[in-house]
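So the chains spell out like this:
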Amino acid sequence: MNPQIRNPMERMYRRTFYNHFENEPILYGRSYTWLCYEVKIKRGCSNLIWDTGVFRGPVLPKLQSNHRQEVYFQFENHAEMCFFSWFCGNRLPANRRFQITWFVSWNPCLPCVVKVTKFLAEHPNVTLTISAARLYYYQDREWRRVLRRLHKAGARVKIMDYKDFAHCWENFVYNEGQQFMPWYKFDDNYASLHRTLKEILRNPMEAMYPHVFYFHFKNLLKACGRNESWLCFTVDVTEHHPPVSWKRGVFRNPVDPETHCHAERCFLSWFCDDILSPNTNYEVTWYTSWSPCPECAREVAEFLARHSNVKLTIFTARLYHFWDTDYQEGLCSLSQEGASVKIMSYKDFVSCWKNFVYSDDEPFKPWKGLKTNFRLLKTMLREILQ
């Protein structure tokens, strides 16, 4: 569908903002989604504002299998679709990197998420952050899957906090010089929605999309713009001969940006809460886009020191800040506690592609310099661990 291109509004009125962005977890009567956006262009280490504005669109009714097709046609007028129509209509240069942030009153519906997924796959030069005031029908399994699908596609999904509301008030509201004033139970509402979203996204994903894998796992020596870490894992139980592959999945950083829960910490939280037993021996394998930061490395090393029944092997596509002594010491602490730290080879990339990517039976296509970079990174890691 190609919705007619609509120009964004500059700002909204104070009454509109307070009415539609109220963060009450269960709220009725708000039949429109409001979307405030910022588009920035990344130049080196700087992010320059390219454009800002506001779109409005109707909310999709709660999904019902018996009339799903009847309501989906309405989504072409949704605020998200209006944004894409406007954004793509500007004939964006492919050689520029864009950082998009949405502040939305409701999280996107499934048809809009399908569009988001397709758009991100076709535009690896674009990153998207979605800050939602409320979660739409979050008790419904179908809508929880919508949020996970956004997450899998590489979009960062979070709940609007006070800083986000104040930012919207300053930049997208005719505020007449007045400061943003939070409403009754503002903090309680945020905490409730934040916990809900964290729980929805807490469990590991089954796999990632091909464009996410190619972008985040490319073994460049210097990978500008790769600000997230992705972790693919397998958990094998070693009581069986040979070991039985028991669990597998994908974590990404950050699932919980407010608490800086890196992918490694997300794995440990999930593993300790749901899997770990003192009477079982485990072989855990990680395939990571970046090697761990010093804090995560120390936390993982301490975990291994406490749990001798867990053996960990880490294959990393790239070395994060390999010149920094703190990062080097972090990798050494992992090695000293028995973790095997290695650089991902061509064979490892193929294995990841087969086990953790929605590939539709397409073979893994290596990029130019993969084997050369592997040899250089392997030499650098060996020097660090000596």
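Residues numbered from 1 in each chain as written. Predicted model: local features only at pLDDT ≥ 70, side-chain atom pairs only at ≥ 80, totals over all residues. Heavy atoms only, no water.

Test applied: UniProt positions are given in the numbering used here, feature names are shortened, and annotations may be inferred rather than shown by experiment.
Per an unreviewed UniProt entry, the recorded name for the chain is single-stranded DNA cytosine deaminase, and the organism is Pan paniscus. For the chain, the Sequence similarities (unreviewed entry) comment in UniProt is given as "Belongs to the cytidine and deoxycytidylate deaminase family." The record in UniProt for the chain states the following under Cofactor (unreviewed entry): "Zn(2+)".

### Some thoughts on the overall build of the chain
Here is the rule: Here a helix means four or more residues in a row that DSSP labels H or I, a strand means two or more in a row labelled E, and each is numbered from the N terminus. Burial classes follow relative accessibility: with a 1.4 Å probe on protein chains only, a residue under 20% of its type's maximum area counts as buried, one over 50% as exposed, and anything between as partly exposed. The contact criterion used throughout is that any non-hydrogen atoms of two residues lie within 4.5 Å. Note on areas: these come from Shrake-Rupley sampling with a 1.4 Å probe, and a residue is covered only by the protein chains present in the view.
Secondary structure summary: the chain contains 13 helices and twelve strands in total. Per-residue burial over the chain gives 52% buried out of 386 residues. Of the contacts made within the chain by residues no fewer than 6 positions apart, 77% connect residues no fewer than 24 positions apart. For the chain, the accessible area works out to roughly 19200 Å², and carbon and sulfur atoms hold 47% of it.

### Digging into the layout of surface pockets
Our working rule: For cavity detection a 1 Å grid was placed over the protein atoms alone, and a set of points counts as a cavity when a 1.4 Å probe fits there but cannot get out; an open set counts as a pocket when protein lies on both sides within 12 Å along at least five of seven lines, with lining residues being those that have an atom within 4 Å of a point. Grid points are joined across faces, edges and corners, and a volume is the space filled by probe spheres set on the points. Classification used: nonpolar for Ala, Val, Leu, Ile, Met, Phe, Trp, Tyr, Cys and Pro, charged for Asp, Glu, Lys and Arg, polar for all others including Gly.
Its volume calculated, the largest pocket comes out at about 660 Å³. For the largest pocket, the lining is made up of 26 residues, of which Q99, T127, G225, N227 and E228 are closest to its centre. Elements represented by at least two residues in the lining of the largest pocket include exactly strand 4 (97-106), strand 5 (126-134) and helix 8 (210-216). Split by residue class, the lining of the largest pocket holds ten nonpolar, twelve polar and four charged.

### Here we look at the nonpolar core
Buried together is how nonpolar side chains tend to be arranged in soluble globular proteins. Cut-off, in case you're wondering: Note on terminology: a nonpolar core comprises buried Ala, Val, Leu, Ile, Met, Phe, Trp, Tyr and Cys residues joined through side-chain atoms within 4.5 Å.
Counting residues in each nonpolar core, the largest one holds 66 residues, and the members touching the most others are F83, W102, M208, F213, F217 and F349. Considering each element in turn, this core owes the most residues, seven residues, to helix 3 (residues 79-88). Look past the residues within four positions of F213 in its chain and what remains in contact with it is M208, K218, F349, C352, W353, V357 and F364. Formed by 36 residues, the second largest nonpolar core is a distinct cluster that contains F267, I275, I314 and L319.

### Concerning the pattern of salt bridges
Selection rule: Salt bridge, as used here: a side-chain nitrogen of Lys or Arg that lies within 4 Å of a carboxyl oxygen of Asp or Glu.
For the structure shown, the criterion picks out six salt bridges. The partner of R30 in a salt bridge is E22, with the nearest N and O atoms 3.2 Å apart. Judged by its relative accessible area of 17%, R30 falls in the buried class. In this structure, E299 engages R265 in a salt bridge whose closest nitrogen and oxygen atoms are separated by 2.9 Å. Of this pair, E299 sits in helix 10 (residues 294-306) while R265 sits in helix 9 (residues 263-274), and the two are 34 residues apart along the sequence.

### Focus on the side chain of N175
As a reminder, the rule being used: Pairs of N or O atoms within 3.5 Å make up the polar contacts considered here, provided that, within protein, one atom can donate a hydrogen while the other can accept it, and that residues adjacent in sequence are counted only when both atoms are side-chain atoms.
Within the secondary structure, N175 is located in the loop between strand 7 (173-174) and helix 7 (186-202). We classify N175 as buried; its relative accessible area is 10%. At 2.8 Å, the side chain of N175 forms a polar contact with the backbone nitrogen of G177. Non-local contacts of N175, meaning those with residues more than four positions away in its chain, are made with R11, R14, W169 and E170.

### Some details on unusual backbone geometry
Of note in this structure, H321 is not a glycine but carries a positive phi near 45°. Summarising the element assignment, H321 is placed in the loop between strand 11 (310-316) and helix 11 (325-336). Using a relative accessible area of 26% as the deciding quantity, one classes H321 as partly exposed. Although it is not a glycine, D360 sits at a positive phi angle of roughly 55°.

### Here's the deal with the packing of aromatic side chains
How we decide: Any two of the Phe, Tyr and Trp rings considered here, Trp counted by its six-membered ring, make a pair once their centres fall within 6.5 Å; the pair's planes then place it as stacked at under 30 degrees, edge-to-face at over 60, or tilted in between.
What the rule picks out here adds up to 63 aromatic pairs. Here F213 and F364 contribute two aromatic rings whose centre-to-centre distance is 6.1 Å and whose plane-to-plane angle is 80°, an arrangement assigned as edge-to-face. One end of the pair, F213, is in helix 8; the other, F364, is in the loop between helix 12 (346-356) and helix 13 (370-385), and 151 residues separate them in sequence. Relative to W270, the ring of F267 has its centre 5.7 Å away and its plane inclined at 55°; by these criteria the two rings are tilted. Here F267 and its partner W270 are both found in helix 9, three residues apart, which amounts to about one turn of the helix. Chaining the aromatic ring pairs together yields one cluster made of Y37, W50, F55, F83, F84, W86, F87, F98, W102 and F119.

### A few points about the pairing of strand 8 (residues 230-237)
Put simply, the rule is: Two strands qualify as a pair provided that DSSP identifies no fewer than 2 bridges between them.
Within strand 8, eight of the eight residues are buried, which leaves it mostly tucked inside the rest of the structure. Covered by surrounding structure in strand 8 are W230, C232, T234 and D236 together with L231, F233, V235 and V237, the residues of both alternating faces. Alignment of strand 8 against strand 10 (residues 282-288), held across seven bridges, turns out to be antiparallel. Bridged to V235 within strand 10 is V284.

### Some thoughts on the packing of helix 4 (residues 110-122) against helix 5 (residues 141-152)
Note the threshold: Lines fitted to the C-alpha atoms define the axes, with helices restricted to the stretch that makes contact. Angles between their N-to-C directions range from 0 to 180 degrees. The labels follow the angle: roughly parallel below 35 degrees, roughly antiparallel above 145, roughly perpendicular from 65 to 115, and oblique for the rest. By the definition used in this description, the sense in which the near helix is turned from the far one sets the handedness, with an anticlockwise turn below a right angle giving left-handed and a clockwise turn giving right-handed.
Here helix 4 crosses helix 5 at 15°, and the two axes come no closer than 10 Å. Put simply, helix 4 runs roughly parallel to helix 5. Between helix 4 and helix 5 the crossing geometry is left-handed. Two secondary-structure elements touch here, helix 4 through L110, V113, V114, V116 and T117 and helix 5 through E142, W143, V146, R149 and L150. Residues belonging to the contact of helix 4 with helix 5 are distributed by class as follows: seven nonpolar, one polar and two charged.

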